[in-house]
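Residue-level structural notes
Next come the chains, spelled out residue by residue.
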Amino acid sequence: MHEVEARVELVLAGALGARQVVAWRRDVKGVASGWCRLGEPEQVLPAARALAGLGARLSMVSASLVPAAPNATGREVAYHFDLDGTTLTLTLELPLQGARVPSLTPVYRNADWQEREFRELYDIEVLGHPNPGRLFVDRSLEPALFERLIPYSTFINGASGEKLWRQVQAAQQENPS
Amino acid sequence: MSRTVITLGPRQLGLEEPMYFRVQTEGDRVCGLEVLAGQVHRGMEHLTLKRNFYQNITLLERLCSLCSNSHPSTFCTALEELAGMVIPPRAEYLRAVADEIKRIASHLFNCAVVAHIVGEHTLFRRVMELREIVQQSKETIYGNRMDLAANCIGGVRYDPDAGAIDYLKNQLERLKSPLEELYRVFEDAAVLRAATEGVGVLTREQANEFGVVGPVARAAGIDYDVRKKSPYGAYDRLSFQVAIEGAGDVRARALVRLAEARQAVSLIEQCLDQLPNGPVALASFPEVPAGEVIAKSEAPRGELIYYLKTDGTDLPVRLKWRVPSYPNWAALGEMLKGEPVSRIPLIVNSIDPCISCTDR
């Protein structure tokens, strides 16, 4: 095991009180990435603090539906940390309804926008966020609008148009003017 | 002193794309900033889930214009890693050529805007004329001036012959001396120094705190470039020094970009000199298994990171990317603190913000 990988596992074990299983992979250029699933959402805050102590930078946060929509039964949030070129991803598994995670913004200031974004697009509550205003989507819209509303591209595509036209024709046959 | 709140839009700030700002001032000094994003939010991450992997290459190239090659190339890298594909060496070099051509054009555009904002209109024209050499080169090699359509899954979609390579080398030669001169002008010209030195400072500590990337980070002394830290494509065989400055001001950001534009000329030359023979893409595309992967690249504005999750079909389950402008926006408040209102346009443009990328 390389030095960075060993240090990551050590600080995660120290912060979370038990050894975490991190699956390490190397790409064709030898660049490492580590993948770890945390048991409880609350664990991400002490884990982030421990990684900040190692000098890790929060690179990105990815929220997603699992499995893919429209069959989703849950949500996930993946936090991607950079350790001088090595990427560590900590993933939280969350319920579809009532998903909550602690805010990392008190530890990483650049978590601010990332958390506000997944809060409004994925309807995941962020506990303890210092500035929980809307970021991209107007505040008049309910969160997770892409899960509820019909996208314009679907609304105007050929399949919808033909289906709609058949309905119009059927209606005309039933009720000739 | 009384506190005033003013709202500034893209027209007041000389931005090419729409972003609004709520600025708190004390007298003529900035004391607080709120960035109002979302004016061009297109739900693009959601759209990628409705398209197959091939279709997404086209969509992602239209995410923005100045760094348009970085998106499809990084997405393809993610897919190839997940599918266990190793692209031909010639394709690796040609991807680097496309990325570096875009870097020169992007950096020169930003330096031209900085010259324009400080009132150096002759310099603005000179920089844009120089950039035109790069634009013409892109049009000749790729057929387009902005979206190059250079990438495909498993390699690239262009294969320059000896004539095209000679043409490109001649174009690079035309850039060298003017780029040296331009660097000296931004480094030494009294008017530019007065307008940019000590202005919009982001210290190294603040840069670390906000996790900024790219020229904004390197101007503050952070030695981080994805091409060195997480090598991809041909970069592990190319020689270059990471451009670093320490002052963290507008001038330092411009100097980093101009140094990188000069380096990019050298990197393209190295690619063309080392360019191996052989195919430019793999002949077949294996099925992409279920899984998740990270891919990163050094886009003109800094680290671009992609996260791809798949389920064995040809549609992504999740495709997420974080553009370099994203963390750099948040640090803008620190750069503006205590600065006169009149300097806001210059400082905002010095982070070379991409709003189209940020909003998605």
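Just so it is clear, the model here is predicted, and its values are computed rather than measured. (Residues numbered from 1 in each chain as written. Chains lettered and ligands numbered in written order. Predicted model: local features only at pLDDT ≥ 70, side-chain atom pairs only at ≥ 80, totals over all residues. Heavy atoms only, no water.)

Here we look at the overall build of chain B
Formally: Counting from the N terminus, the helices are the DSSP runs of H or I reaching at least four residues and the strands are the DSSP runs of E reaching at least two. Using C-alpha atoms as the atom set, the radius of gyration is obtained and then compared with a globule rule of 2.2 Å times the number of residues to the power 0.38. We call two residues in contact when some of their heavy atoms are within 4.5 Å. Areas reported as accessible are Shrake-Rupley estimates using a 1.4 Å probe. Residue values count occlusion only from the protein chains shown. In this count, Lys and Arg are taken as positive residues and Asp and Glu as negative ones, while His and the chain termini are left out. By convention, the point assigned to a charge is CZ for Arg, NZ for Lys, CD for Glu and CG for Asp.
Counting its regular elements, chain B contains 15 helices and eight strands. Relative to its length of 360 residues, chain B is compact, with a C-alpha radius of gyration of 20 Å against a globular reference of 21 Å. Expressed as lengths along the three principal axes of its C-alpha atoms, the size of chain B is roughly 70 × 45 × 30 Å. Looking at chain B alone, contacts between residues at least 24 apart form 71% of all its contacts between residues at least 6 apart. For chain B, the accessible area works out to roughly 12,900 Å², and carbon and sulfur atoms hold 49% of it. Of the charged side chains in chain B, 42 are positive and 46 negative, and the gap between their average positions amounts to 3 Å.

Examining the UniProt feature "domain: NADH-quinone oxidoreductase subunit D" (unreviewed entry) in chain B
Residue and element names in this part refer to chain B. The cut-off we apply is this: UniProt positions are given in the numbering used here, feature names are shortened, and annotations may be inferred rather than shown by experiment.
Cross-referencing UniProt, the feature "domain: NADH-quinone oxidoreductase subunit D" (unreviewed entry) maps to residues 118-282 and 287-360 in the present numbering. The annotated region residues 118-282 carries 59% helix and 2% strand content, and the separation between its end C-alpha atoms amounts to 49 Å. Taken end to end, residues 287-360 has its terminal C-alpha atoms 28 Å apart, with 32% of it in helix and 34% in strand.

Examining the sheet that holds strand β1 (residues 23-26) of chain A
Whether parallel or antiparallel, the strands of a sheet pair through hydrogen bonds between backbone atoms. Residues and elements named next belong to chain A. Put simply, the rule reads: Note on pairing: two strands pair once DSSP finds at least 2 bridges between them. Note on method: axes are straight lines fitted to C-alpha atoms, helices fitted across the in-contact stretch only, with angles between N-to-C directions ranging 0 to 180 degrees.
Spatially, five strands are ordered β1-β2-β5-β4-β3 in an open sheet, and the strand pairing comes out mixed. Two strands in the sheet have a free side with no partner beyond their single neighbour: β1 and β3 (57-66). On average, adjacent strands in this sheet sit at an angle of 20 degrees to one another, irrespective of strand direction. Two strands pair when backbone bridges link them, and strand β4 (residues 74-83) and strand β5 (residues 86-95) are joined in this way by ten bridges, in the antiparallel orientation. Counted as the bridge partner of E76 is E93 from β5.

Quick word on the interface of chain A and chain B
Often, the extent of an interface is quoted as the loss of accessible area on bringing the components together. Put simply, the rule reads: Buried area is calculated as the accessible area (1.4 Å probe) missing from two parts once they are joined, with the contributions of both summed. The rule for a salt bridge is simple: a side-chain nitrogen of Lys or Arg has to be within 4 Å of a carboxyl oxygen of Asp or Glu. Counting of polar contacts relies on pairs of N or O atoms within 3.5 Å, with two restrictions inside protein: one atom must be capable of donating a hydrogen and the other of accepting it, and residues adjacent in sequence are counted only when both atoms are side-chain atoms. Under this grouping Gly is polar, as are all residues other than the nonpolar Ala, Val, Leu, Ile, Met, Phe, Trp, Tyr, Cys and Pro and the charged Asp, Glu, Lys and Arg.
Counting residues at the interface gives 37 residues for chain A, matched by 43 residues for chain B. Both sides of the chain A and chain B interface together cover about 3,500 Å² of buried area, and 56% of this is carbon and sulfur. When residues of chain A are sorted by the area they lose upon contact with chain B, R109, W113 and F136 of chain A head the list and together hold 20% of the total. At the junction of chain A and chain B, the tally comes to eleven salt bridges. The partner of K320 of chain B in a salt bridge is E117 of chain A, with the nearest N and O atoms 3.6 Å apart. Taken together, chain A and chain B are joined by 20 residue pairs in polar contact (both at pLDDT 80 or more). At the level of secondary structure, the elements contributing two or more residues to the side of chain A that touches chain B comprise β1, β2 (32-38), β3, β4, β5 and α3 (111-122) of chain A. Broken down by element, the side of chain A that touches chain B gets its largest block of residues, nine residues, from β3 of chain A. A breakdown of the residues in the side of chain A that touches chain B according to their chemical character gives 16 nonpolar, ten polar and eleven charged.

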